[in-house]
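Descriptive analysis of the structure
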Amino acid sequence: MSKVAEIATTFFGYLKRPDLYPELRRKIWKNLFNRSSALRGKEEAEIWCKKLAVSEKDFIEKILKIPFISFQEIFPQEYQAALQAQERTPVKMGGAGSLSVIYYINEYVSSKSSVETGVAYGWSSFAALASLVKRNGTLFSSDMPYIMQNQSEDFVGCVIPEKYKNNWDLYRFADKESLPKIIAKANSFDVIHYDSDKTYDGRIWAYTLLWDKLRKGGVFMSDDIGDNAAFKDYCESKGLEPHVIEFDGKYAGVVIKN
Ligand SMILES: C[S@@+](CC[C@H](N)C(=O)[O-])C[C@H]1O[C@@H](n2cnc3c(N)ncnc32)[C@H](O)[C@@H]1O
């Protein structure tokens, strides 16, 4: 698809969704005046991540002090069914991060209430819910549909096992609209996992809002922190001690709130 056709498809996709008009306005503003936000500080962020990075196994065993068995090994049948569900979808959406890290951070704090931003197929939701359902906890998710693909919304969360869905509360708006609604429902959370708007400014806005709502001892995680310097800068500005985990050639950041 040419660039012009892409812009037109995106624009008309938004026009069909009045609930996404605020995000359309923000996207136009960003494209006109703030294009550098996606990659701001990428080079320094990558160097910083590389220096701190550990494997998912080391993080789980040395920091969380939980013996490592991969998520796929603990839930083999559900995982196979999820792969098949993904194969059946006609749309291509964003891929998963470390399911084991997501599962074990929920286990570590015995989470009853977790927030995630960015669902797509629902791999991260599947991992968080696999832990939350043990305590009848709730996963609050925020996800804005991929506007470029008409059907994508029908498949958001398609890999999540049906038996987990009673514990899942999905908000289908941009984070700027979803997160205030989620926060109005529960004032404090045990785990926060950020995996949606990857721009520098989008991250800082959401990190600031969500960090405040994380309980003491709770766990904060953000994916793809090598994309720009937002996670590094946020941790430095607040004096936080982050753990950086390398997975599939990308970096996730985790902070345990003191
Ligand atoms: C990388 S995918 C999420 C992958 C998912 N966490 C997983 O592990 O399977 C990113 C998702 O965030 C959504 N997204 C992007 N920007 C967003 C925003 N501003 N608000 C809410 N969702 C957004 C995308 O539509 C997409 O579904």
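Procedures and definitions
- Residues numbered from 1 in each chain as written.
- Predicted model: local features only at pLDDT ≥ 70, side-chain atom pairs only at ≥ 80, totals over all residues.
- Heavy atoms only, no water.
- Patch = residues over 30% accessible without salt bridge, like charges linked within 9 Å, V, L, I, M, F, W, Y side chains within 5 Å.
- Areas by Shrake-Rupley, 256 points an atom, 1.4 Å probe, with all protein chains shown as cover.
- Salt bridge = Lys/Arg side-chain N within 4 Å of Asp/Glu carboxyl O.
- Helix = DSSP H or I, 4+ residues; strand = E, 2+ residues; numbered from the N terminus.
- Buried < 20%, exposed > 50% of the residue type's maximum accessible area, 1.4 Å probe, protein only.

As recorded by an unreviewed UniProt entry, the chain carries the name Methyltransferase and is attributed to Chryseobacterium aquaticum.

On to a nonpolar patch on the surface, then. On the surface, F11, F12, L15, Y21, I28, W29, L32 and F33 cluster together to form a nonpolar patch covering roughly 850 Å² of accessible area. If you list the elements that add at least two residues to the nonpolar patch, you get α1 (3-15) and α2 (21-33). Broken down by element, the nonpolar patch gets its largest block of residues, 5 residues, from α2. Turning to its location among the elements, W29 is positioned in helix α2.

On to the pattern of salt bridges. Using the criterion set out here, one finds 23 salt bridges in the structure. A salt bridge links K42 to E46; the nearest nitrogen and oxygen atoms lie 3.2 Å apart. In this pair, K42 and E46 both sit in helix α3 (residues 42-52), 4 residues apart, roughly one turn of the helix. Residue classification places K42 among the partly exposed residues on the basis of a relative accessible area of 28%. Here D169 ties to K185 by a salt bridge, and the two come within 3.3 Å at their closest N and O atoms. Taken together, the residues span a long stretch of sequence, with D169 in strand β4 (residues 168-171) and K185 in helix α9 (residues 175-185) at a distance of 16 residues. Accessibility expressed as a relative area gives 57% for K185, which makes it exposed.

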